[in-house]
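# Overview (structure and organization)
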Amino acid sequence: MSELFSGGCQCGAVRYRWTEKPDGAHICHCRMCQKAFGAFYAPLVGGLRTKFEVIRGELAIFRSSEQAERGFCRACGTPLTFAYVDSDRISVSIGSLDHPEAFPPLDQHGIESRHSWVNGLGNLPDQPPTDQENPTAAFIQSTNHQHPDHDTGQWPAG
């Protein structure tokens, strides 16, 4: 069997996997993606629908236009997928993958809506790690309800 590339939502209600490595990692700055992700842009990577499967839960779907639909977790709201309705391809949010570092974006789309300051984000000064900067970080971590970055037999655990 080929290597599996898995991911899922923050709460663990939806898990998915690819049976073939996704490709075409990119970021999209279009206003629709900004709204869907609640962010400055949407990082996406995709592949054939036949190589993608939801293995836990069910995607909630929002048809963001007549041509496109977006999948998300109805329990926690994590944006998970983007697909053109009539396409044989589907994309997932890179951040929802268990190993997002394996998919660095190769190019940018929707640049007509890119915020003028986005390209400078990498030059902002770094702050100390969260556990050093925020005294409540240890408590937050100890009460974390986030699904781990790997498949689990059941979730929540126990």
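Now for a quick tour of the structure. (Residues numbered from 1 in each chain as written. Predicted model: local features only at pLDDT ≥ 70, side-chain atom pairs only at ≥ 80, totals over all residues. Heavy atoms only, no water.)

By size, the foremost hydrophobic cluster in this structure holds 17 residues, and its most contacted members are Tyr16, Trp18, Val45, Leu80, Val92, Leu97 and Phe103. Counting only elements with at least two residues in this core, the list comes to β2 (15-18), β8 (79-84) and β9 (89-93). Not counting residues up to four positions away in its chain, the partners in contact with Leu80 are Gly8, Cys9, Val14, Tyr16, Leu59, Gly71, Phe72, Cys73, Ser91, Val92, Ser93 and Ser96. Of all hydrophobic cores here, the second largest spans seven residues; its members include Cys28, Cys30, Cys33 and Phe82. (Core = buried A, V, L, I, M, F, W, Y, C linked by side-chain atoms within 4.5 Å. Buried < 20%, exposed > 50% of the residue type's maximum accessible area, 1.4 Å probe, protein only. Helix = DSSP H or I, 4+ residues; strand = E, 2+ residues; numbered from the N terminus. Contact = heavy atoms within 4.5 Å.)

Moving on: the pattern of salt bridges. Evaluation of the coordinates by the stated rule reveals four salt bridges. We note a salt bridge from Asp151 to Arg15, for which the minimum N-O separation is 2.5 Å. Within this pair, whereas Asp151 is found in the segment after α3 (137-142), its partner Arg15 is found in strand β2, the two being separated by 136 residues in sequence. On the basis of relative accessible area, Arg15 is assigned to the buried category, the value being 2%. Where Arg17 meets Glu53, a salt bridge forms, and the shortest distance between an N and an O atom there is 2.8 Å. Of the two residues, Arg17 is situated in strand β2 and Glu53 in strand β5 (residues 52-56); the sequence distance between them amounts to 36 residues. Taking the relative accessible area as the measure of exposure, Glu53 reaches 32% and is therefore partly exposed. In this structure, a network of salt bridges that share partners links the residues Arg15, Asp98 and Asp151. (Salt bridge = Lys/Arg side-chain N within 4 Å of Asp/Glu carboxyl O.)

The next subject is the sheet that holds β5. Across the sheet, which stays open at both edges, the three strands sit in the order β1-β2-β5 with antiparallel pairing between neighbours. With partners counted over all chains shown, the strands left at the sheet margins are β1 (5-8) and β5, one partner each. Within the sheet, the average angular offset between the axes of one strand and its neighbour, ignoring direction, is 25°. (Pairing = 2+ DSSP bridges. Axes fitted to C-alpha atoms, helices over the stretch in contact; angles between N-to-C directions.)

Glancing now at the sheet that holds β8. One open sheet accounts for seven strands, arranged β6-β7-β8-β9-β4-β3-β10; its pairing is mixed. Each having just a single partner strand, β6 (60-62) and β10 (107-109) make up the two edges of the open sheet. In this sheet, adjacent strand axes meet at a mean angle of 30° when their direction is disregarded. Judged from the three bridges that link them, β6 and strand β7 (residues 68-72) form a sheet pairing that is antiparallel. Across the sheet, the residue bridging to Ala60 is Phe72, located in β7.

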